[in-house]
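This is what each chain is made of:
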Amino acid sequence: MAPTSFISRSSMLVLILLVGVVACEQQTPDFTNTMAGRAGIPNQLLPVNDTIVERRQSNPDRNAYFGDLHVHTSYSFDAYAFGTIATPYDAYRYAKGEPLKHPSGYEMQLRQPLDFYAVTDHAMFMGLVKEAANTDTDFSTSAVAQPLHNINAPDNYGAFSFFDRSMAFATFLPNVLADLQDGTLDAKNIEPVTQSAWADNINAADQYNQPGVFTTFAAYEYTSSTDAMGNLHRNVIFRGTDRLPAVPFSRFHSQDPQGLWDWMDGLREQGIDSLAIPPNSNGSNGAMFAVVDWAGDPMDDNYAIQRRRNEPLVEITQVKGTSETHPALSETDEWANFEIMPYRVATRLPSAAPGSYARDGLLRGLTMAAQGIENPYQFGFIGSSDTHTGAMSDDEANFFSKVGLLDGTPEMRGSVPASFLMRTVVKYSAPDFMKTVAGRDYLEMSTFSTWGASGVAGVWAEENTRDALYDALRRKETFATSGPRMKIRFFAGYDFDAKLLDDPNMVREAYDRGVSMGSELVASGSTAPTFLVWAVSDALGGVPLQRAQIIKGFISEGEHNEAVYDVVCSDGLAVDPTSHRCPDNGARVSLADCSITPDVGASELKTLWQDPDFEPEQEAFYYVRVLENPTCRWSTWDAVKAGVEPRADLQKTIQERVWSSPIWYKKGDNAGSASSVR
């Protein structure tokens, strides 16, 4: 490739900052003519596998189901530009256990199938890059589309094809926006592309939905952001597919998330329920859990109630980092520094920690409630992947990241030294995207080295159906894992005794005598509640558990505070009553081959716990975090497989974990806004 064809530094920067594209002028949502009939949707591509499967019986004590509610395919403008040709149909087959080809040429396959999946392609420009690339379409004849013609032709996947495709794509988005502004393009000619892609997305979900066995949801991603605020995306999940909007609400309708909630409320009045799940709050520069609204005005009760109604959950872990908490916010939490991505999404600009992390958001909500304002931040937790290949990448030992050709190999994501040819090309064309660490040159084209093999959504539901899973999402009986399929139960009540732990009907009794994760527990005089914690390791590929912890958030003297308590330890070890910490169980990792200490840790951790610092008049939230023994991080696995030293500036090991949704302890006069649903 001649040097003149290399992408310039400025163009590559535009490429990396894709999500920062300027949106169209805000518009008032239009609720007219929004319903798409189901009969006219084409039945394209491959049909559902017609193998007969047995539907599992409904379980009143609820089962743990694992899935992903943040998945992109070829209909997302960025995914297609970077080599993803996987369709929603392909994505659902992958989730059920079938292999799928990565844009870099190798096969991707899950260690174990998932129970549910939702394709959430970007509403903005949904299907448009794919339409531009297909020279048989009307849109492809426009001047703005021509640089993308046949971008994913079979002969355009060479080692350096990402340079040319990046140049084409980096100019496509601003050119489309400019052409829409000056009238060269008519939005009425683009909307049918989005409508067709959205209809096909819904069709794929319906084809692969198998009640009792595998669940799909009609869903999409709303992609609002600003330079100052950072990421304000939401994944919108619909309960059913009988009647749905013909076009999904996007940032072209409004950049203000409250506009999205207005639209969702309008649909709900027509019997169409949905919920929105914010991802990557870590990259929001403090905007996701701000204490003011979009206009900068203080939040009032109506705003808080509307937000809580439409956003019962937050995605706290995914490929682009974990958003539970940050070391700067949780100085006494030794495990706060977990897969931190410290940048605004799709930039190298720092993201302010306050207001960007879920624990801080929960604490801000408590503060507002203590001031007599409705709490907008009483949410539960899930994890999901944000993959842009159609395929979740949740395995540290087999990580392929998320953006196709850009990060699909160890060299491209910066975990092994760059080859001589790559060093030469990048140093010549874009030296800012090379980083020297301990005398070795690594690619640093984006923030890929801060990403992680995460995450997974866990749901407790009676059966694997849309209705049962959606009800669980609504009541926040959900949990998040960083990848392994750990299960966690969390209950609170005033009538739990030591016999409960050995009771064969423990779960049923806990439901009957208390509340589960995601619920409120109303104060009972001065009696301290008892919490039931039960965690089980991933039996198919996980490692033993090391400790279970309860994180408490509370308000004291007008300031919000937090505390971390280890509540049960592995290997028969006892929690120190002063430090509230488990002793070291001796689990270690060999960086030579990633082997771990055998016969250490637990397959199950279970206990009853009372808060040693309980104050009856002090409202609080509690959630559980369970840690596995240490294992190699994906970047270390990459280095070990390549036979090189792990990159010196990256963490070598991690402790995979699972988080429950919180339980809120409420005084009687403040309870009731999110009470338990049994």
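Structure report, in brief.

What counts as what
- Residues numbered from 1 in each chain as written.
- Predicted model: local features only at pLDDT ≥ 70, side-chain atom pairs only at ≥ 80, totals over all residues.
- Heavy atoms only, no water.
- Helix = DSSP H or I, 4+ residues; strand = E, 2+ residues; numbered from the N terminus.
- Buried < 20%, exposed > 50% of the residue type's maximum accessible area, 1.4 Å probe, protein only.
- Polar contact = N/O pair within 3.5 Å; in protein donor to acceptor, adjacent residues only side chain to side chain.
- Contact = heavy atoms within 4.5 Å.
- Pairing = 2+ DSSP bridges.
- Salt bridge = Lys/Arg side-chain N within 4 Å of Asp/Glu carboxyl O.
- Disulfide = S-S within 2.5 Å.

Description of the side chain of histidine 122
Line of reasoning, step 1. For histidine 122, the location among the structural elements is in the loop between strand E5 (116-119) and helix H4 (128-133).
Line of reasoning, step 2. Histidine 122 sits in the buried class, given a relative accessible area of 3%.
Line of reasoning, step 3. One polar contact links histidine 122 to histidine 388, side chain to side chain, over a distance of 3.5 Å.
Line of reasoning, step 4. With residues near it in sequence (within four places) discarded, histidine 122 still touches His72, Ser76, Phe77, Asp78, Glu221, Thr223 and His388.

So, the pairing of strand E18 (residues 456-461)
Line of reasoning, step 1. For E18, the tally of buried residues reaches 6 of 6 residues, placing the bulk of the element in the interior.
Line of reasoning, step 2. Across the two faces of E18 the burial is the same, with Val456, Gly458 and Trp460 and Ala457, Val459 and Ala461 all buried.
Line of reasoning, step 3. In this structure, strand E2 (residues 63-71) lies alongside E18, joined through 5 bridges in antiparallel fashion. Within the sheet, the bridge partner assigned to tyrosine 65 lies in E18 and is valine 459.
Line of reasoning, step 4. Pairing between E18 and strand E19 (residues 478-481): 4 bridges, direction antiparallel.

Points about the pattern of salt bridges
Line of reasoning, step 1. What the rule picks out here adds up to 41 salt bridges.
Line of reasoning, step 2. Across the pair aspartate 265 and arginine 268 runs a salt bridge whose closest N-O atoms are separated by 2.6 Å. Here aspartate 265 and its partner arginine 268 are both found in helix H7 (residues 257-269), 3 residues apart, which amounts to about one turn of the helix.
Line of reasoning, step 3. Residue aspartate 265 is classed as buried on the basis of its relative accessible area of 14%.
Line of reasoning, step 4. For glutamate 562, the salt bridge identified is with arginine 359, shortest N-O distance 2.7 Å. Of this pair, glutamate 562 sits in strand E25 (residues 559-569) while arginine 359 sits in helix H9 (residues 358-370), placing them 203 residues apart in sequence.
Line of reasoning, step 5. Taking relative accessible area as the criterion, glutamate 562 reaches 18% and is therefore assigned buried.
Line of reasoning, step 6. By relative accessible area, arginine 359 is classed as buried at 1%.
Line of reasoning, step 7. The network of salt bridges with common partners includes Asp265, Arg268, Asp273, Arg309 and Arg474.

Description of the state of the cysteines
Line of reasoning, step 1. For the structure shown, the criterion picks out 2 disulfides.
Line of reasoning, step 2. Cysteine 569 shares a disulfide with cysteine 582; S-S distance 2.1 Å. Between cysteine 569 and cysteine 582, the S-S dihedral sits near -90 degrees, and the bridge is therefore left-handed. Placement of the pair is cysteine 569 in strand E25 and cysteine 582 in the loop between E25 and strand E26 (604-609), with a sequence separation of 13 residues.
Line of reasoning, step 3. For cysteine 569, a relative accessible area of 8% puts it in the buried group.
Line of reasoning, step 4. For cysteine 582, a relative accessible area of 9% gives the class buried.
Line of reasoning, step 5. Linked covalently through their sulfurs, cysteine 594 and cysteine 632 form a disulfide whose S-S length is 2.1 Å. The sign of the -100 degrees torsion about the S-S bond sets the cysteine 594-cysteine 632 disulfide as left-handed. One end of the pair, cysteine 594, is in the loop between E25 and E26; the other, cysteine 632, is in strand E28 (residues 631-632), and 38 residues separate them in sequence.

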